[in-house]
Amino acid sequence: MAFLGETSSLTIMNSKLAFIFPNGSIIHNEINVYFQSSTPIPIRVPNACGFQTLKSRMHNTLQLTDKQYLDEIYYWQPFTDAHNQFCFQFMQLKNDDDVNTMVMCNHQFSCVGLIELLCIIGRTLNAILNLLQATMTPTHDALLYYNGKWNMPRQHDFVGYSFAGKNPKNFDIPSGCTIDELKDLIKQVAPQGNPPYGIHES
C-alpha cells in the first residue's frame, strides 16, 4: 500500500492521516451518520491536495486493477450544531473545492480525529461483460417434437430427413449436457398430461 512508504517525517508533517472505507455503508442514527466497512485502510492525504491527486492516491492505496475505478467518494464531515455539540454528516467529494473544504474542516476540527473517507468501487463495462460471460452457461436452441414422426422423402427424391409433430416446444440444451440430463430436460418441457416415461435412447 502507498501508506507503508509514506512514513518519513516530512511526509507526516505535510499530510494528514485518513482511513478509507472501501465499499462501506453510511449508517444513520437520530442525530449523526458514520461509516462502516469490514477493514478500513490507512492513507496519508497531502495538505495541498486536489481531487484527481486524492483519487489517484486512493486508487494506488487500494491496489485497484484496470477493471476497477473509484465511482464515488464521501467525507465524514464534522460540524457544530446550534448548541455547540459536535455532529457529523457525509459530504460527497467531486472537485478540488470539495477536497479543500475537507482539509480545512479537518484542521478546524482537529480534535475530532482522523479523516474518514468512504468510497464506492465500480467495475468497468468490459469487466462487467467478462463477469457475465464467465457466469453464463452456453446453451443451444432446440425444438422438441413430442411423439413426433420422421418425414420420409419419396424414393429418388432425397434431400434430407425432417421431423413433424404437433405443438413443438422450444428449449435450451446447455453445453456439456449428458444423455440423462437431456432426458430430464425433455420431461420438463413435454406437454402436460403426456408424461414421457421410458424415453427411447435415440
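Read on for an overview of the structure.

Cut-off values and rules
- Residues numbered from 1 in each chain as written.
- Predicted model: local features only at pLDDT ≥ 70, side-chain atom pairs only at ≥ 80, totals over all residues.
- Heavy atoms only, no water.
- Buried < 20%, exposed > 50% of the residue type's maximum accessible area, 1.4 Å probe, protein only.
- Helix = DSSP H or I, 4+ residues; strand = E, 2+ residues; numbered from the N terminus.
- Pairing = 2+ DSSP bridges.
- Axes fitted to C-alpha atoms, helices over the stretch in contact; angles between N-to-C directions.
- Contact = heavy atoms within 4.5 Å.
- Phe/Tyr/Trp six-rings, centres within 6.5 Å; stacked < 30°, edge-to-face > 60°.

### Describing the pairing of strand β4 (residues 41–46)
The buried fraction of β4 amounts to six of the six residues, a majority that puts the element mostly inside the structure. Of the two faces of β4, both are covered, the one formed by Ile 41, Ile 43 and Val 45 as well as the one formed by Pro 42, Arg 44 and Pro 46. As judged from the six bridges shared by strand β1 (residues 15–22) and β4, these two strands associate in the antiparallel manner. Considered in β4, the bridge of Ser 15 is made with Pro 46.

### Topic: the sheet that holds strand β7 (residues 115–123)
Backbone hydrogen bonds hold the strands of a sheet together, and the pairing may be parallel or antiparallel. Strand order in this open sheet of five strands is β4-β1-β7-β5-β6, and the pairing throughout is mixed. The two strands at the open ends of the sheet, each matched to only one other strand, are β4 and β6 (86–92). Pairs of neighbouring strands in the sheet enclose a mean axial angle of 35°, with direction left out of account. Bridge count between β1 and β7: five bridges; the pairing is parallel. Opposite Phe 19, over in β7, you have Glu 116 as the bridge partner. Here helix α2 (residues 51–61) sits on the sheet and contacts β1, β4, β5 (68–80) and β7; the angle it forms with β4, its principal contact strand, is near 155°. Against the sheet, helix α3 (residues 96–108) engages β1, β4, β5, β6 and β7, with an angle of about 40° to β5.

### Topic: the packing of aromatic side chains
Applying the stated criterion across every chain yields a total of four aromatic pairs. Their ring planes at 80° and their centres at 5.7 Å tell us that Tyr 74 and Phe 90 sit as a pair that is edge-to-face. Placement of the pair is Tyr 74 in strand β5 and Phe 90 in strand β6, with a sequence separation of 16 residues. Given a relative accessible area of 13%, Tyr 74 falls into the buried group. On the basis of an interplanar angle of 5° and a centroid distance of 3.8 Å, the ring pair of Trp 76 and Phe 88 is categorised as stacked. Within this pair, whereas Trp 76 is found in strand β5, its partner Phe 88 is found in strand β6, the two being separated by 12 residues in sequence.

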